[in-house]
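Each chain, letter by letter, is given below.
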Amino acid sequence: MAETGHSVRAADVLADVLAEVRERVDRREALGEAQVAVLEAAVNIVRAGQPEGEVMPVERSELVREALGAVRAATVATGVALTYAHRTARVLT
């Protein structure tokens, strides 16, 4: 039972951080979008990892699918941010 409570608390904390980041970052910028996507993935992964009985198999499957989509989005956004950072560094040097 302690493990269940821990997972729920961790998911709640991550969800709070996600809400805060969504309010503060500019998602039009690739790095901002990457930050949001990584946190979305983390929230879904932690929720999916709750013990059986706490999350139904169909729900777990959907959470994992959403986490995968968020990881893909984070990868693309991070790649764009890296390309932009390299271009900016070359211009400034």
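What counts and how
- Residues numbered from 1 in each chain as written.
- Predicted model: local features only at pLDDT ≥ 70, side-chain atom pairs only at ≥ 80, totals over all residues.
- Heavy atoms only, no water.
- Helix = DSSP H or I, 4+ residues; strand = E, 2+ residues; numbered from the N terminus.
- Contact = heavy atoms within 4.5 Å.
- Areas by Shrake-Rupley, 256 points an atom, 1.4 Å probe, with all protein chains shown as cover.
- Lys, Arg positive; Asp, Glu negative; His and termini not counted.
- Charge placed at Lys NZ, Arg CZ, Asp CG, Glu CD.
- Buried < 20%, exposed > 50% of the residue type's maximum accessible area, 1.4 Å probe, protein only.
- Expected span 1.5 Å × (residues − 1).
- Axes fitted to C-alpha atoms, helices over the stretch in contact; angles between N-to-C directions.
- Parallel < 35°, antiparallel > 145°, perpendicular 65-115°, else oblique.
- Left-handed = near helix turned anticlockwise from the far one by under 90°.
- Nonpolar A, V, L, I, M, F, W, Y, C, P; charged D, E, K, R; others polar.
- pLDDT = per-residue confidence, 0-100.

With that out of the way, let us pick up the overall build of the protein chain. In terms of regular secondary structure, the protein chain is built from 3 helices and 0 strands. Projected onto its principal axes, the C-alpha coordinates of the protein chain cover approximately 55 × 20 × 20 Å. Long-range pairs, those at least 24 residues apart, make up 50% of the contacts in the protein chain between residues at least 6 apart in sequence. Within the structure as shown, the protein chain displays about 6500 Å² of accessible surface, and the carbon and sulfur contribution to it stands at 60%. Side chains of the protein chain carry 11 positive and 14 negative charges; the gap between the two charge centres is 8 Å.

A few words now on the side chain of Asn-44. Residue position: Asn-44 is located in helix α2 (residues 30-48). Its relative accessible area of 11% is what places Asn-44 among the buried residues. Those residues in contact with Asn-44 that sit more than four places away from it in its chain are Leu-63, Glu-66 and Ala-67.

Quick look at α2 now. For α2, with 19 residues, the first-to-last C-alpha span of 27 Å sits near the 27 Å given by 1.5 Å per residue. Within α2, the full set of buried residues consists of Ala-30, Gly-32, Ala-34, Val-36, Ala-37, Leu-39, Ala-41, Val-43, Asn-44 and Ala-48.

Let's shift gears to helix α3 (residues 57-92). Taking 1.5 Å of rise per residue, the 36 residues of α3 would be expected to cover 52 Å, and the 52 Å separating its terminal C-alpha atoms lies within 8% of that figure. Here α3 has its buried residues at Leu-63, Ala-67, Ala-70, Ala-74, Ala-77 and Ala-81. Its buried side turned inward, α3 meets α2.

Moving on to the packing of α2 against α3. Viewed as axis vectors pointing N to C, α2 and α3 meet at an angle of 160 degrees, and their least axial separation amounts to 8 Å. Here α2 is positioned roughly antiparallel relative to α3, judged by the angle of their axes. Considering how the two elements wind past one another, α2 and α3 form a crossing that is left-handed. Looking at the contact of α2 with α3, its residues break down into 18 nonpolar, 2 polar and 5 charged.

Taken as a whole, the protein chain shows an average pLDDT of 92; of its residues, 95% reach a score of 70 or greater. Across the protein chain, the element-wise mean pLDDT spans from 85 in helix α1 (residues 2-24) up to 97 in α2.

Its location among the elements puts Val-76 in helix α3. Linking Val-76 and Glu-33, residues 43 residues apart in sequence, is a C-alpha distance of 9.6 Å.

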